[in-house]
Structure formats: structure tokens, C-alpha cells
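Inside the fold
Letter by letter, the chains look like this.
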Amino acid sequence: MFAVETLNLAKRYGKTDALRGLNFTVNEGEIMVILGPNGSGKTTLLMILCTILKPTSGTAKVVGIDVVEEGTKVREVMGIAFQEARGFWRHKPSSILRFHASMFDIDPAKRQDLIERTMKDLELWESRDKMFMHLSGGQAKRLETAKVLIQQPKLAIFDEPTSQVDLRGKRKIWDKIRELRDQGSTIIVATNEVREAEYLADRVTILHEGNRVVCDTIPKLKDAIAGGDIVEVDFEDPVPEKLVQDLNGLGGEVSLLPESNQLRAKVSKAEDWVPRMTSASYVAGAKIASIRITEPSLDDVFLHFTGKALADQP
Amino acid sequence: MSQFSRLVRIARTDFSYFFRTKWLMAVLISLSLSDMLVVGLVYTRLIPASTAIGSSYFQFLVPGIVVVGLFSAATDTGRRIWLALREGVIQYYLTLPIRTRGLVGAYIISGGLGGIVYSGALLIIAYLSLILFKAPIPIQGILYALILIPFLFVLSTGIAGLAAFFASVSRRGEMYWVYAQALQVSMVTISTVFYPAQTIAQYLPAPIATIAEYNPLSLAAGVLRNSAFGGNALETSALASLLATSLPLATIGALAYWIILRTIRLKGKP
């Protein structure tokens, strides 16, 4: 049984299709990262899974329970950290967490200790006496994460969990999310941050304009790009056109960056291509200043599968 | 945990929210106390007891103040619903393991509690004022006031329901305040909360006098005057009328709020 399964899931707002017949599965105990720009349908999918929204058509199941037919049962086994933190403005963080814990039957004997520990882990303890409305954006976001962590649901959903959070805080939240997975929860993280996806994902689903474009592990997605490695070569002088043609003959895809002495090559195996490239450069009399070898980022993967750069999306 | 326990927890949290809004509390309490302890006591010395008001002016006015206090506290439910809808807290509520009707019930009950606790406090202050100024208090009146609590609670849920209705149909915050003010002006003005029924019948058209007579606020103020302060036995017909006029309001409000939650589930926004 899948932890999450959707079949031809569609959601329409007026004339806009947010989801267009999405088929999507998440295995039990994995971290599934949904990667997509704003407007790709990520949040709509999550809102349907946590029963806030009803789909226009199709089905969605969480641990085998239909989200439309048995919404209350679904809500008993899932927890969500919203993209925009939601809390009672005039309550303190600990009071918000106590209310949340009580709604999900967290053992009263362990409740206080769990709340205190989680608040300390997420560096919220210092802000325990502030009202929610006085928390900073990052603190409110961490409180949102804390709700799900104390709940330890079967399915935990995090919608852009580290937006507005500083770098140190991001790492903390990511580690806690992985810890939650190790404790047995299935996790869905929606993000448009490549670094977050790379750090967390067991598998990645790329959503684009309400459709699933591709879903796999990160290494497999990167391997799927023609020319898995990227080699950037800086020359001391302008690169002769003849050299570019020769290098293109070595396999891969070589391009000369405009108004610079730099070549960028997407090649299958950098370790085979680089020695041949240096020989060709020596023959052409082009002096190499530096060579950098990188693997493609998820941004490149997104670009490859959708034809658009993740960062350029609205 | 049962659905009912969750409903109670949500109602309790929302109820506590009312008392956490300190500026609102300060405004409400200062208005109620100045009405009761300044206007009430001063006017009592100016206006002689008459058959029109049945007793001293203080004993005529205070039930009205208590009922208006109940009204103000119960209508705050609408403000809280409006905030919850606009700030997205309602979406958090929708992820909790409680049915939509439970959520609706929780808000209506919390509105009822807010009204009854606030007006109950005013009632206690009124009794203490009477003791302080050595005015007679019928002991049975206190007993009748206790018996009246569930009936006032139903009235309070009815008003909370109306406020929920207006909060649900308000697109903008200022519109909610306009609706709330219009509701207050119409319900308090066309009532016998602050004027005797005879005065209204004398100066206003008959249909308005009839509306004022069956206004649940008038009925509540009348029962309080007659029994809680007058010491007369509670009239079953008055209590039945109070219930009969309050329950439909609570039902309309609950239905409107339920429709809004359903709309959120379909459209993603109210």
C-alpha cells in the first residue's frame, strides 16, 4: 500500500486548472520532495491531501483512506506545516502546541516534555513568552514545523518549510524532518528551493502546470539528462572557433559563453572527456586557465524536463 | 478522543481568545461599568420609581446593560470568525480531526459562553452595587438568575450565530463592522432593553412595537427585570418565547458558517 496515492486528480478554480489529472504515489517511510515553481499545483495537491480542498475530479488516498469520503479519518493520521504560518494571534507558542497536541491525543503525561524539547530543538524556547503575533517570520515558521514534529503523524506534509528561515535554522529543520522520517513517518515536502530538495529527498516529483513531469531519485534524474556532468573551462585568451568545433566532435554538447573566454560542456563522463579536451586545446594553442567539473543541479534537471528554468518561473 | 471532546477544546480555545483581546475587554468593561455605575446610579436619583418602569431606574436599566453586554460579547464571535477566515487560521482548523459541523458548533458554543460569562459578571456587579447602596435584593431573584443562565446561553448562541452569519458574508473587515453596528443599532433600538414597552407603543408605529416586544433582547431584559431583580416567579411563556426567538438565529448563523467552510473546501477561499 502506498502512503499516498492519487489517480487522475484534478482541481479547477474557475477557469484555471491547478491540477490536471495528476497520478502520484508516495511510498511509506520515504521523503518525497515535490519540486515546482509557484503555480505548478504543489500547494493545491497538499491542500487536497490534508482535506482542506475537495478535488474537482479523481481520487486521492492517504494510507489507503479516501480524502473526500473519510476526511476526518485522514486528518487523524496526517499533519501539515503550512507555507504561511497559521496560529492564534494572542496565544503563546507553547499554548498553541499544547492545543495542537491535545487535538491529536498526544499522551498528556509526555506532552509538556515533548513540547519543551521540540521548542528547544527548533530554537523557539527563548520566544516562549511572546504571543504568536509578535514572533518573527522565521520563528512562526519554526512553530509551524514544531506542530508536526510533536504530532509525529503517519503522513507529515511540509509546504516550503524553510522559507523565511535563516541558513542555520534551515539545517535544523531539515535534520528534524529527516529524523521524523527515521521514526517512521512518511513525508512530503513541497519546495522550489533546489538545495532543500537535494538535502532531503529520497525521491523527487517535478510538477509543472498541474502535471507530474517526472518522479525518481535524484541520482537517476541527473543521470537522465543527456551529458550527466558539466565541465566549465576558462581559457587565458579568446577561444578559437575551430577548437569549439573540434570539442563538439568529442561527444557531448559544448557551448561558448558569450563575451567571455569560457566554455561550458555537458558530457557523459568528465573523466574521459577532460584529457581529450586538454589535448585538443594544446594542439589549437589555447592556454587553459582553470577547469571546473560539476554534476547537474536539480535546476538543470527541471530545465531539462520542463524546458524552463525553475528560478525564472513566476 | 471523541469528536465532542475536540469540539469542547476548540470552543474553549476560541472562548479564551475573547478574553485575551485586552483592548476590547477594556472598552467593553469601561462602557458597561460607566453605564451601570455612573448613568444608572445618577439617573436613579433623578427619575422617580414609577409603574412604567416597575421599580427604581437602576433596577430597570441594569438588566438592559446586562443584555447589551451579552449581545456585545456574543457578537465578538463574528470578529473572531472573520479574523480566522482572513488570517487562514480556519484552514488550520480544517486540518484538525473534527467534522465541519463540530467546528461550527464549537464557534457557536464559544460565542454563547463569551456572552454568558461576560453578562454573568455584569449581573454579579449589579447585585454587589445594590448591596453597596443598601437597595433591596430579592433573594429569590438570585436563584431565578441562576435558572436563567441556560436560557441566556441559548440567546447568546443565537446572537453569536447572527454574528457568524455576518462574518461569513463580509468580504472586507470594515464591512463586518458595518453589519455588526447595524445589527446592534437595530436590535437594541427596536427593543425594550432601555425603554418601557408602553413608551415604544406610544411613540412608534404598531409593527415596530410588536417587533420590539418579540425581540429576544427585549424578552431577556424583561425576564431579568421581572424575576432576577423583581423577585417575581419566572414565567414559562416568556422563557419559551426567549428560546423560540433565539434558536432560529443560532441555526441561521451555524448554517451560514457551515456554508462558508464548505465553500473554502471547494474554492480554496471564502
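None of these values were measured; they are calculated from a predicted model. (Residues numbered from 1 in each chain as written. Chains lettered and ligands numbered in written order. Predicted model: local features only at pLDDT ≥ 70, side-chain atom pairs only at ≥ 80, totals over all residues. Heavy atoms only, no water.)

**Description of the interface of chain A and chain B**
Of the residues lining the interface, 26 residues belong to chain A; the matching set on chain B comes to 28 residues. Buried surface at the junction of chain A and chain B, summed over both partners, amounts to about 2700 Å²; 59% is from carbon and sulfur atoms. Our count for the contact surface shared by chain A and chain B stands at two salt bridges. With its nearest N and O atoms 3.7 Å apart, the salt bridge here joins B:R6 to A:E76. For the pair chain A and chain B, the number of links is 13 residue pairs in polar contact (both at pLDDT 80 or more). Going through the elements one at a time, β1 (4-13), α2 (71-77) and α3 (93-103) of chain A are the ones with two or more residues in the side of chain A that touches chain B. Per-element tally for the side of chain A that touches chain B: the top contributor is α3(A), with five residues. (Contact = heavy atoms within 4.5 Å. Buried area = accessible area lost by both parts, 1.4 Å probe. Salt bridge = Lys/Arg side-chain N within 4 Å of Asp/Glu carboxyl O. Polar contact = N/O pair within 3.5 Å; in protein donor to acceptor, adjacent residues only side chain to side chain. Helix = DSSP H or I, 4+ residues; strand = E, 2+ residues; numbered from the N terminus.)

**A short note on the side chain of B:R79**
Residues and elements named next belong to chain B. Tracing the chain through its elements places R79 in helix α3 (residues 57-87). Look at R79 and you get buried, because its relative accessible area is 7%. Among the polar contacts listed, one links the side chain of R79 to the side chain of T21, at a separation of 3.1 Å. In contact with R79, other than residues within four places in its own chain, are T21, W23, L24, Y176 and W177. (Buried < 20%, exposed > 50% of the residue type's maximum accessible area, 1.4 Å probe, protein only.)

**A closer look at the packing of helix α9 (residues 206-214) of chain B against helix α10 (residues 216-229) of chain B**
Residues and elements named next belong to chain B. The N-to-C vectors of α9 and α10 enclose an angle of 60 degrees; their axes lie 4 Å apart at closest approach. Relative to α10, the element α9 lies oblique. Across the interface between the two elements, A212, E213 and Y214 from α9 touch P216, S218 and L219 from α10. The residue makeup of the contact of α9 with α10, split by class, is four nonpolar, one polar and one charged. (Axes fitted to C-alpha atoms, helices over the stretch in contact; angles between N-to-C directions. Parallel < 35°, antiparallel > 145°, perpendicular 65-115°, else oblique. Nonpolar A, V, L, I, M, F, W, Y, C, P; charged D, E, K, R; others polar.)

**Examining the environment of B:Y257**
All names here are of chain B. You can see Y257 is positioned in helix α11 (residues 236-267). C-alpha separation for the pair Y257 and I108, spaced 149 residues apart in sequence, amounts to 9.6 Å. Residue contacts for Y257: discarding those within four places in its chain leaves I81, I90, L103, V104, Y107, A164 and S168.

**Re the layout of surface pockets**
Regions of empty space are outlined by a rolling probe, equal in size to a water molecule, passed over the atoms. Residue and element names in this part refer to chain B. As a volume, the second largest pocket reaches approximately 440 Å³. Forming the boundary of the second largest pocket are 20 residues, of which L24, L28, L31, S72 and Q184 lie nearest the centre. Contributing elements (two or more residues each) for the lining of the second largest pocket: α2 (22-46), α3 and α7 (173-189). Classifying every residue of the lining of the second largest pocket by side-chain character gives 11 nonpolar, six polar and three charged. (1 Å grid on protein atoms, 1.4 Å probe; cavity = no way out; pocket = protein on both sides within 12 Å on 5 of 7 lines; lining within 4 Å. Points joined across faces, edges and corners; volume = space filled by probe spheres on them.)

**Describing unusual backbone geometry**
Residue and element names in this part refer to chain A. Of note, the phi angle at V63 is positive, near 40 degrees, even though the residue is not glycine. Position of V63 among the secondary structure elements: in the loop between β4 (57-62) and β5 (65-66). V63 gets classed as buried once you look at its relative accessible area, which sits at 17%. Located in the positive-phi region is Q152, a residue other than glycine, with phi close to 45 degrees. Residue position: Q152 is located in the loop between α5 (137-151) and β7 (155-159).

**Considering the nonpolar core**
With 159 residues, the main nonpolar core has A:I188 and B:Y93 as its most contacted residues. Among the elements that line this core, the one with the most residues is α3(B), at 17 residues. Excluding residues within four positions of it along the chain, A:I188 makes contact with A:V4, A:F24, A:V26, A:M32, A:I34, A:L46, A:L49, A:L155, A:A156, A:I157 and A:F158. Listed in part, the 17 residues of the second largest apolar core include A:V233, A:V254, A:W273 and A:A286. (Core = buried A, V, L, I, M, F, W, Y, C linked by side-chain atoms within 4.5 Å.)

**Here we look at the domain arrangement of chain A**
Reports often express the size of an interface as the amount of accessible area lost when the parts come together. According to the domain assignment, chain A contains domain 1 (4-222) and domain 2 (227-295). When each unit is reduced to the centre of its C-alpha atoms, the spacing between domain 1 of chain A and domain 2 of chain A is 43 Å. (Domains from an automatic or database assignment.)

**As for the sheet that holds strand β13 (residues 262-267) of chain A**
The strands making up a sheet associate through backbone hydrogen bonding, with each pair oriented either parallel or antiparallel. All names here are of chain A. Strand order in the open sheet formed by four strands is β12-β13-β11-β14, and the pairing between neighbours is antiparallel. Each having just a single partner strand, β12 (253-256) and β14 (288-294) make up the two edges of the open sheet. Here the strands of the sheet are splayed against their neighbours by 15 degrees on average, with no regard to which way each runs. Where strand β11 (residues 229-235) meets β14, six bridges bridge the pair, whose relative direction is antiparallel. Considered in β14, the bridge of E232 is made with R292. Strand contacts of helix α9 (residues 241-248): β11, β12 and β13, with the helix running at about 165 degrees to β12, the strand carrying the most contacts. (Pairing = 2+ DSSP bridges.)

**Here's the deal with the packing of aromatic side chains**
For the structure shown, the criterion picks out 17 aromatic pairs over all chains. With 4.7 Å between their ring centres and 65 degrees between their planes, B:F18 and B:F19 make a pair best called edge-to-face. Relative accessible area serves as the criterion here: at 1%, B:F18 is assigned to the buried category. Each member of the aromatic cluster is reached from another via a ring pair, and the members are A:F88, A:F99, B:Y92, B:Y93, B:Y107 and B:Y257. Seen from the ring of B:Y92, A:K147 lies directly overhead, with NZ or CZ sitting 3.9 Å from the centre. Its guanidinium or amino end placed over the ring of A:Y199, A:R178 lies 4.5 Å from that ring's centre, counting from NZ or CZ. (Phe/Tyr/Trp six-rings, centres within 6.5 Å; stacked < 30°, edge-to-face > 60°. Lys NZ or Arg CZ within 6 Å of the ring centre and 35° of its normal.)

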